[in-house]
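This is what each chain is made of:
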Amino acid sequence: MGCAVRGTPGAASRRLPETQAALEVRHAVRGWAGEYLAGDAVAVALSGGADSLALTAAAVVEIGQVDALIVDHRLQPGSDAVAATAAETALALGCRSSRVLPVTVGTDGGLEAAARAARYEALDAARGDLPVLLGHTLDDQAETVLLGLARGSGGRSIQGMAAHNAPWGRPLLGVRGHTTRALCADLGLTPHEDPHNSAAEFTRVRLRTEVLPLLEDVLGGGAAAALARTADHLREDGALLDALAADLLDAARLPGDGRALDVETLATAPAALRRRAVRAWLLECGAKALTDRHLRGVDALLTAWRGQGGVAVGGAAPGTRLVAARQRGTLTLREQRRERS
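Just so you know, these numbers come straight off a predicted model, no measurement behind them. (Residues numbered from 1 in each chain as written. Predicted model: local features only at pLDDT ≥ 70, side-chain atom pairs only at ≥ 80, totals over all residues. Heavy atoms only, no water.)

Student: Please explain the nonpolar core as it appears in this structure.
Tutor: In summary, soluble globular proteins display a tendency toward joint burial of nonpolar side chains. Ranked by internal contacts, the top residues of the largest apolar core, which has 36 residues, are I63 and L133. Those elements giving two or more residues to this core turn out to be α1 (20-36), β2 (41-45), α2 (50-62), β3 (65-72), α3 (79-93) and α6 (177-186). For this core, the element with the highest residue contribution is α2, accounting for 8 residues. Those residues in contact with I63 that lie beyond four places of it in its chain are V29, A33, L37, D40, A41, V42 and L133. Grouped together as the second largest cluster of nonpolar side chains are 25 residues, L261, V263, C285 and L302 included. (Core = buried A, V, L, I, M, F, W, Y, C linked by side-chain atoms within 4.5 Å. Buried < 20%, exposed > 50% of the residue type's maximum accessible area, 1.4 Å probe, protein only. Helix = DSSP H or I, 4+ residues; strand = E, 2+ residues; numbered from the N terminus. Contact = heavy atoms within 4.5 Å.)

Student: Please clarify how the pairing of β3 should be interpreted in this entry.
Tutor: A regular strand places its side chains on the two faces of the sheet in alternate fashion. Counting buried residues in β3 gives 7 out of 8 residues, a clear majority hidden from the surface. Alignment of β2 against β3, held across 5 bridges, turns out to be parallel. Bridging from a neighbouring strand, A43 pairs with D67 of β3. In this structure, β3 lies alongside strand β4 (residues 97-102), joined through 6 bridges in parallel fashion. Paired with A68 across the bridge in β4 is S98. Crossover connection from β3 via α3 to parallel β4: handedness right-handed. (Pairing = 2+ DSSP bridges. Right-handed = clockwise from strand over helix to strand, strands pointing away.)

Student: It is not clear to me how the pattern of salt bridges should be interpreted in this structure. Could you clarify?
Tutor: Oppositely charged side chains can form a pair if their charged atoms are brought close together. Under the counting rule described, the total for this entry stands at 16 salt bridges. R96 serves as the salt-bridge partner of D67, at 2.8 Å between the closest nitrogen and oxygen. Placement of D67 in strand β3 and of R96 in the loop between α3 and β4 is noted, with a sequence separation of 29 residues between them. Relative accessible area serves as the criterion here: at 26%, R96 is assigned to the partly exposed category. When the shortest N-O distance is used, the salt bridge between R253 and E284 registers 2.8 Å. Taken as a pair, R253 in the loop between α8 (223-252) and β8 (260-262) and E284 in helix α10 (residues 271-284) lie far apart in primary sequence, 31 residues in all. We classify R253 as partly exposed; its relative accessible area is 30%. The structure contains a network of salt bridges with shared partners spanning R26, R30 and E62. (Salt bridge = Lys/Arg side-chain N within 4 Å of Asp/Glu carboxyl O.)

Student: Explain the sheet that holds strand β11 (residues 320-327) here, please?
Tutor: Two strands in a sheet stick together by hydrogen bonds in their backbones, pointing the same way (parallel) or opposite ways (antiparallel). Judged by pairing direction, the sheet is antiparallel, and its 5 strands sit side by side in the order β8-β12-β11-β10-β9 without closing on themselves. What marks the edges here is a single partner per strand, and that holds for β8 and β9 (287-288). Relative to strand β12 (residues 330-337), β11 runs antiparallel, the two sharing 8 bridges. Among the inter-strand pairings, A325 is bridged to a residue of β12, identified as T332.

Student: How do you make sense of the side chain of Q159 when you look at a structure like this?
Tutor: Examined against the element boundaries, Q159 turns out to sit in the loop between α5 (138-151) and β6 (164-165). Residue classification places Q159 among the buried positions, given a relative accessible area of 11%. Ignoring sequence-local partners within four residues, the contact set of Q159 consists of A231, L234, R235, G238 and R276.

Student: I'm lost on the layout of surface pockets in this one. Help?
Tutor: If a probe the size of a water molecule is rolled over the atoms, the empty space left behind becomes visible. Its volume calculated, the second largest pocket comes out at about 350 Å³. Taken together, 21 residues make up the lining of the second largest pocket; nearest its centre are A163, R170, L173, G174 and D232. At the level of secondary structure, the elements contributing two or more residues to the lining of the second largest pocket comprise α1, α5 and α8. A per-class count over the lining of the second largest pocket returns 12 nonpolar, 4 polar and 5 charged. (1 Å grid on protein atoms, 1.4 Å probe; cavity = no way out; pocket = protein on both sides within 12 Å on 5 of 7 lines; lining within 4 Å. Points joined across faces, edges and corners; volume = space filled by probe spheres on them. Nonpolar A, V, L, I, M, F, W, Y, C, P; charged D, E, K, R; others polar.)

Next up, the structure:
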């Protein structure tokens, strides 16, 4: 998938101007590498946009061994030329190699979700054993938190993106988008402007162009940074709750195939831990696309038992579904064949 081109970067290609933007982006990459990078090389997902160009330039200076991976979604005429230009720019910036990855975008979940799935799959397949740096900025984090708030599915949905979630790394979560654009200008680079990034039919675009600017105006500035800080705090809290929920799940397990839990152990636990334990158990057993309705339905089997029937959740094999049910003090999860309509 794709063809790697190797570069021969010289000393000049590894220097950046000593501007405020360059220093800020370099500092962010250096901090991320110092905390999370175990080796001496990374891959960077390069789209040709300002964020990923700035990230690539800083990574070459701060890390040194950088392989650029350029995903061509092939959704627009001329996308191959855009990808080829990004690959050439990567070598000019000092990457040791660049590789274009053409993908086929499906339809599941809508265009945005399908493109994201195809992109991550291609990056994961091409990275080898290297971590992949992604150019998500503080602005992207703020948008992610707002989307989570709109879903209303609890603290987990507004934890935002993590700086490190192997194999993915996001060094620029504390950097604003205007800083990455400024660095590109400092370097004399013209970032590619993806038409999808200004298409109002996409929710993220409207958040970026309408909602966030309005929040900044109403609140007198600092809204994006405040949303990002909220995500950081919730992620720290969530990590502790997840660890405690894992202990609770282990205590509730019954002998067998892992699909049976003791009701009393779970029912007497605090709701926040109980629901996290149930969520982890369902995912572990193959459930997919869990919603708040699913989790509350299963939770009701534990704490509001009235003899009700099982709760179906997504997952299992084609033609079947997973059903959580309560029987004689035990919470079970079994596959059930779907009835044909």
